[in-house]
Amino acid sequence: MGFRCGIVGLPNVGKSTLFNALTETQAAQAANYPFCTIEPNVGNVAVPDPRLQQLAKIAGSQKIIETQLGFVDIAGLVKGASKGEGLGNQFLGNIREVDAIVHVLRCFEDDDIQHVANKVDPIADAEVVETELLLADLESLEKRVPAAAKRATTGDKESKLIASVLGQALELLREGKPARLTEPKDDEEARVFQQAQLLTAKPVLYVCNVAEDEAAEGNALSAKVFEKAKAEGAQAVIVSAAIEAELVAMPVEDRAEFLESLGLSETGLARVIRAGYELLGLQTFFTVGPKEARAWTVHKGAKAPQAAGEIHTDFEKGFIRAETIAFDDYVALGGEAGAREAGKLRQEGKEYVVHDGDVMLFKFNV
């Protein structure tokens, strides 16, 4: 699994429509009234990567297996959700389980689609959701930090660490700032912070849902969202959920021409994935052979044993070395044999840091 994104936003901004289009299913009921999504819908999609097709062709692979990306469609949040309004805290709990928040914002006018606030203002919409996430974190930490501080007085080192790290986050929240601005000083502090599963600690990708004729360049509303994202160090992309829904309904061979007619070179899914990868610091490595060519996802900075562990935990435990070929070398030299002959197949050990596009074969003992 590459990563798991929770799709959030106010009712009627296009969350379920986007989810259905991205996962090419109709698992989520897309309807023009609030709370049509009652249970979170989960869908996995293949991450498109043209490099995988190239590798499979060179190796004569019988099967191609893309890495997977998970989307969780979470019901529309409204003001007061942190206090149980609307469908309440059960949805905040769903958000805790995801790696990143995909925040869908309505950036289109349509008199036929009701807006919960009776006006289209994506910045105000974003603030409503962000406030509810912040209030939920605030309520949580105002109980946990004093309790940890009290235990710390007995000499409990873990409690002292928790009180210090989460105390920093609590101060930020009290100032109206997200917990993700907390700066852990070392790996231990980072561990405590991550285990807290704070909602406002999660990276955010803003998806500006625009009308079909604005999908290429966006509009004044989406421009404001991009400014907001830049100021926060977040990511933003422009997507037309309506276009994505149309793409799903047409034959695959017709999609490129349809996109071109709209001035687009790729789908909204591709933009969301690329922005999500950048947001979470992810990269892809490959395993290639006659049976299958397969893509795998690891965080940037991951070492060879960690990459091996993505395939199987035994590979990481018994890791010996990794035979590694850079993607460009693999393609230019016609595959593994050519790379080996040209001296481009490298034997890498436990400290090797994986690069995006590496083609890898792991040697291990069980």
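Please refer to the structure placed before this passage.
Quick caveat, the model's predicted, so the values are computed rather than measured.

Please clarify how the overall build of the chain should be interpreted in this entry.
Counting its regular elements, the chain contains 14 helices and twelve strands. Every one of the 366 residues in the chain was classed for burial, and the buried ones make up 49%. For the chain, the exposed area adds up to about 17,900 Å²; of that, 50% sits on carbon and sulfur atoms.

I would appreciate a short explanation of the nonpolar core in the present structure.
In a soluble, globular protein the nonpolar side chains are often hidden away together inside. Ranked by internal contacts, the top residues of the largest apolar core, which has 60 residues, are Leu69, Phe71, Ile95, Leu205, Tyr206 and Val207. Once residues within four sequence positions are removed from consideration, Leu205 is found in contact with Ile101, Val102, His103, Gln235, Ala236, Val237, Val272, Ala275, Gly276 and Leu279. Leu161, Val165, Leu170 and Ala179 belong to the second largest nonpolar core, which has 15 residues in total.

How should I be thinking about the pattern of salt bridges in this particular structure?
Think of it this way: side chains of opposite charge can pair up when their charged atoms draw near. Evaluated as defined, the whole model comprises 18 salt bridges. Ionic pairing is found between Lys143 and Glu139, a salt bridge with its closest N-O pair at 3.9 Å. Of this pair, Lys143 and Glu139 both sit in helix H4 (residues 122-152), four residues apart, which is roughly one turn of that helix. According to the relative accessible area criterion, Glu139 is partly exposed, its value standing at 34%. Between Glu158 and Arg191 there is a salt bridge, and its shortest N-O distance comes to 3.1 Å. With Glu158 in helix H5 (residues 157-174) and Arg191 in helix H6 (residues 187-195), this pair connects stretches of sequence that are 33 residues apart. Residues participating in the shared-partner salt-bridge network are Asp49, Arg51 and Asp356.

The rules behind the values
Residues numbered from 1 in each chain as written. Predicted model: local features only at pLDDT ≥ 70, side-chain atom pairs only at ≥ 80, totals over all residues. Heavy atoms only, no water. Helix = DSSP H or I, 4+ residues; strand = E, 2+ residues; numbered from the N terminus. Buried < 20%, exposed > 50% of the residue type's maximum accessible area, 1.4 Å probe, protein only. Areas by Shrake-Rupley, 256 points an atom, 1.4 Å probe, with all protein chains shown as cover. Core = buried A, V, L, I, M, F, W, Y, C linked by side-chain atoms within 4.5 Å. Contact = heavy atoms within 4.5 Å. Salt bridge = Lys/Arg side-chain N within 4 Å of Asp/Glu carboxyl O.

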